[in-house]
Amino acid sequence: MNGLIMVLRWVGMLVLAWLCGRLITKIKMPAILGWLIAGMVFGPYGVGLLSQPILDAAWYKIIITWMQCAFGLMLGTELIWSKIKSYGRALILTTLSQSLGTFAVVSAAFAVVLYLTHQPVWLALAFGGIALATAPAPALSIVQEFHTEGPVTDTLLPMAVLDDIVGIAVFFTVNSFIASQVSGGAVPLYMIPVMIFLPIGIGVLTGIPAGWLLKKRPGKAGTLLILVGGITLTAAVGLFFNRVVFTNITLNYMLMGVSFSAVFSNQIPPMQLDQDTAWFHPILAVSLLAAIVDLGAPLDYHLILGAGLYTLVYIISRAFGKYFGARAGARATHMPVTVQKYLGLTLLPHSGVSLVFTGIICGVLAASRPELSTLVKGTIAAAAVINEIIAVIAAKKGFELAGEIRKGLRKAEAQNPD
């Protein structure tokens, strides 16, 4: 397929997804649900406008990598030290309770089910390791669209970063254990700190000069040039390490973007930061749209019809672990009541991370236990489709019940009366 035609089809896909998002807001649902459904319907398993060759193209992967760095700015610009230190301990403990709680609940549930269905019980850890991570893009899209503001939003944004770190550490530890059971290859345990701290280090190194340049107040054009250039440099350094130095691992580019923006956000005055992020907002909006479409495209909605016991157990046990793990942690650390009740609902989106982790686990299982690889892949693929639709609705409802959608919209209207 001609490269130009592939690019035009991708751009057309984004326009269609945006229109689907606009349409679905007419029934009071978040636009992201329309983007996600458009990705599935027009992706490789549907109409095929966004075909598999496009998803596999080098230029597409590079653009998505850049956009993952770009929407990391939404999280990083919230990581202001003066704000974080006021709830740092509570945030860390709540992150651990919901992440590790989910791992424990899903692993326990699958240990019982696998035992009863005469499958290896140790495989339960694979499901637990896949389940504990959260995909931040869906919830972030809702935050952007509805201008949410309040304790749940303030807790969720930095938690998305910490959750990624915990998820990487636990998953790759589990992956190494699974490899030992089937004599397959896996990422060595000593590489786990590299996967966590290398992206952070890359972002910090590129964020320091960006902050120094932004302190000079270069105006709108200059600010956008610095931010776009900084993101490009960050992504390029990440790609170099990922493809040349550590070819057997996948680095977290969103974490690079978070670190990059967190560094410069703590170097410039709060009012300037608000102005700079407002200028960058259109680029952030397009990045989120592309990320959600990329999230939906690999999901085969036909799998909904074939979802069975394992898929049902996975969805229910993961939701239980996320919701009650977050609630227990928030309650133990005396966080606001709205955080205790509704934070868990905003943590349910999952599919992008789950599919990446599933591919890694299945790669380990495929050589010697292909039947287990098929079992895991089928379960998670079906769960990803069903869970993501439910999770987007639940996340929006969580912000709504917390009263943060109305509060944020009122503030946005006051700032932009036109």
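Look up: the structure comes first, before these words.
Residues numbered from 1 in each chain as written. Predicted model: local features only at pLDDT ≥ 70, side-chain atom pairs only at ≥ 80, totals over all residues. Heavy atoms only, no water.

S.K.: Residues and numbers for the overall build of the chain, please.
M.R.: Helix and strand content of the chain: 17 helices and zero strands. A fraction of 83% describes how many contacts in the chain between residues 6 or more apart in sequence connect residues 24 or more apart. Of the roughly 17,600 Å² of accessible surface on the chain, a fraction of 70% belongs to carbon and sulfur atoms. (Helix = DSSP H or I, 4+ residues; strand = E, 2+ residues; numbered from the N terminus. Contact = heavy atoms within 4.5 Å. Areas by Shrake-Rupley, 256 points an atom, 1.4 Å probe, with all protein chains shown as cover.)

S.K.: Could you give an account of the environment of T65, with specific residues and numbers?
M.R.: Relative to the elements of secondary structure, T65 occurs in helix 4 (residues 58–76). When the C-alpha atoms of T65 and Y253 are compared, they prove to be 6.5 Å apart, with 188 residues separating the residues in sequence. T65 has contacts with A235, L239 and Y253, leaving out every residue within four places of it along the chain.

S.K.: Run through empty space enclosed by the protein, naming residues and quoting values.
M.R.: Tallied over the entire structure, the rule returns one cavity of 30 Å³ or more. Looking at the largest cavity, its volume works out to about 60 Å³. Considering the residues around the largest cavity, the lining is formed by T134, P136, A139, L156, M159, A160, D163, T346 and L347. Going through the elements one at a time, helix 7 (136–146) and helix 8 (151–182) are the ones with two or more residues in the lining of the largest cavity. Considering each element in turn, the lining of the largest cavity owes the most residues, four residues, to helix 8. The class makeup of the residues in the lining of the largest cavity is six nonpolar, two polar and one charged. (1 Å grid on protein atoms, 1.4 Å probe; cavity = no way out; pocket = protein on both sides within 12 Å on 5 of 7 lines; lining within 4 Å. Points joined across faces, edges and corners; volume = space filled by probe spheres on them. Nonpolar A, V, L, I, M, F, W, Y, C, P; charged D, E, K, R; others polar.)

S.K.: Please provide a residue-by-residue account of the packing of helix 10 (residues 219–245) against helix 11 (residues 253–265), values included.
M.R.: Contact geometry of helix 10 with helix 11 gives a least axis separation of 10 Å together with a crossing angle of 140 degrees. Compared by their axis directions, helix 10 and helix 11 come out oblique. Our pair here, helix 10 against helix 11, has a crossing hand that is right-handed. The segment helix 10 lies against helix 11, with L227, G230, I231, T234, A235, G238, L239 and N242 engaging Y253, M256, F260 and F264. Per-class residue counts for the contact of helix 10 with helix 11 are eight nonpolar, four polar and no charged. (Axes fitted to C-alpha atoms, helices over the stretch in contact; angles between N-to-C directions. Parallel < 35°, antiparallel > 145°, perpendicular 65-115°, else oblique. Left-handed = near helix turned anticlockwise from the far one by under 90°.)

S.K.: Describe the side chain of S107, naming the residues involved and giving the relevant values.
M.R.: On the secondary structure map, S107 appears in helix 5 (residues 81–116). Under the relative-accessibility criterion, S107 is labelled buried at 9%. Each residue touching S107, except ones within four places of it in the same chain, is listed here: A124, L125 and G128. (Buried < 20%, exposed > 50% of the residue type's maximum accessible area, 1.4 Å probe, protein only.)

S.K.: Break down the pattern of salt bridges for me, with residues and values.
M.R.: Two side chains that carry opposite charge are able to pair once their charged atoms sit near each other. Evaluated as defined, the whole model comprises four salt bridges. A salt bridge links K396 to E400; the shortest N-O distance between them is 3.1 Å. One end of the pair, K396, and the other, E400, are both in helix 16 (residues 370–401), four residues apart, so they sit about a helical turn from each other. With its nearest N and O atoms 3.0 Å apart, the salt bridge here joins K397 to E400. One end of the pair is K397 and the other is E400, both in helix 16 and three residues apart, which spans about a single turn. A relative accessible area of 26% means that E400 is categorised as partly exposed. Through salt bridges with shared partners, a single ionic network connects K396, K397 and E400. (Salt bridge = Lys/Arg side-chain N within 4 Å of Asp/Glu carboxyl O.)

S.K.: Go over the packing of helix 8 against helix 9 (residues 192–214), please, and point to the residues and values.
M.R.: Each pair of packed helices can be described by the angle between their axes along with the distance between the axes. Two numbers describe how helix 8 lies on helix 9: the axes approach to 9 Å, and their chain directions differ by 155 degrees. In terms of their interaxial angle, helix 8 and helix 9 are classed as roughly antiparallel. At the point where helix 8 passes helix 9, the crossing takes the right-handed sense. Between helix 8 and helix 9, the residues in contact are I165, I168, A169, F172 and T173 and I192, M195, I196 and I200, respectively. Counted by class, the contact of helix 8 with helix 9 contains eight nonpolar, one polar and no charged residues.

S.K.: Can you explain the nonpolar core? Please cite residues and give values.
M.R.: Across soluble globular proteins, nonpolar side chains have a tendency to be buried as a group. Core analysis: the biggest nonpolar cluster contains 85 residues, and L50, Y60, F71, L75, I231, F264 and L343 have the highest contact counts within it. For L343, the contacting residues outside a window of four places in its chain are T94, V152, T155, L156, M159, A326 and T338. By size, the runner-up hydrophobic cluster in this structure holds 39 residues, among which are F110, F127, V174 and I380. (Core = buried A, V, L, I, M, F, W, Y, C linked by side-chain atoms within 4.5 Å.)

S.K.: Any chance you could break down the packing of aromatic side chains for me, citing the residues and the numbers?
M.R.: The final tally for this structure, using the stated rule, is ten aromatic pairs. On the numbers, 4.0 Å between centres and 10 degrees between planes, the contact of F110 with F127 is stacked. One end of the pair, F110, is in helix 5; the other, F127, is in helix 6 (residues 124–131), with 17 residues separating them in the sequence. Both residues of the pair, F110 and F127, belong to the buried class. Between Y323 and F324 the ring centres are 5.0 Å apart and the planes differ by 85 degrees, which places this aromatic pair in the edge-to-face class. For Y323, a relative accessible area of 19% corresponds to the buried category. We classify F324 as partly exposed; its relative accessible area is 43%. Put simply, the rings of F110, F127, Y310 and Y314 touch in pairs and so form one group of aromatic residues. The ring of W212 carries the charged tip of K216 above its face, separated from the ring centre by 4.4 Å. (Phe/Tyr/Trp six-rings, centres within 6.5 Å; stacked < 30°, edge-to-face > 60°. Lys NZ or Arg CZ within 6 Å of the ring centre and 35° of its normal.)

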